[in-house]
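Structural description and commentary
Spelled out from the first residue to the last, the chains are:
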Amino acid sequence: QVPLVESGGGSAQPGGSLRLSCAASGSILSGNVLDWFRQAPGKQREWVARIMSDGRTNYVDSVKGRFTISRDNAKNTVYLQMNSLKADDMAVYFCRLTVGGYAYWGQGTQVTVSS
């Protein structure tokens, strides 16, 4: 019911940068959180980053200091700025919006890191 669309994926070299966007319809409500996940070939889906309604953020250890999650409330959009990309970052990235007891997933955007 809630449209959730990722964009901004593409190709980067090791050490490069990409910025992913997750655009959602509707207003951001208190208590709702937005997460980024990723899934690489042959690996299970991994949680990457979270931004809460009060703006607090958290990250998986492997991306701390390199990735930054942020939001633009006017645009109902959450961003994932990815710097210093590594080969291990190559995956399909998904955003997830949790509203009440339901989770809404985007369709994913491919991030490729290669030399």
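So, here's what we can say about the structure. (Residues numbered from 1 in each chain as written. Predicted model: local features only at pLDDT ≥ 70, side-chain atom pairs only at ≥ 80, totals over all residues. Heavy atoms only, no water.)

Turning next to the packing of aromatic side chains. For the coordinates displayed, the defined rule picks out 2 aromatic pairs. An angle of 50 degrees between the planes, with centres 5.0 Å apart, marks the rings of Phe37 and Trp105 as tilted. Taken together, the residues Phe37 in strand E4 (residues 33–39) and Trp105 in strand E10 (residues 102–105) connect sequence positions 68 residues apart. We classify Phe37 as buried; its relative accessible area is 10%. Measuring from ring centre to ring centre gives 6.5 Å for Phe94 and Trp105, while their planes differ by 80 degrees; the resulting arrangement is edge-to-face. In this pair, Phe94 sits in strand E9 (residues 91–99) while Trp105 sits in strand E10, placing the two residues 11 residues apart along the sequence. Under the relative-accessibility criterion, Trp105 is labelled partly exposed at 31%. Joined through ring pairs, the aromatic side chains of Phe37, Phe94 and Trp105 make up one cluster. A cation sits over an aromatic face here: Arg45 above Phe94, 4.4 Å from the ring centre. Over the face of the ring belonging to Trp105 we find Arg45, whose NZ or CZ atom lies 4.7 Å from the ring centre. (Phe/Tyr/Trp six-rings, centres within 6.5 Å; stacked < 30°, edge-to-face > 60°. Helix = DSSP H or I, 4+ residues; strand = E, 2+ residues; numbered from the N terminus. Buried < 20%, exposed > 50% of the residue type's maximum accessible area, 1.4 Å probe, protein only. Lys NZ or Arg CZ within 6 Å of the ring centre and 35° of its normal.)

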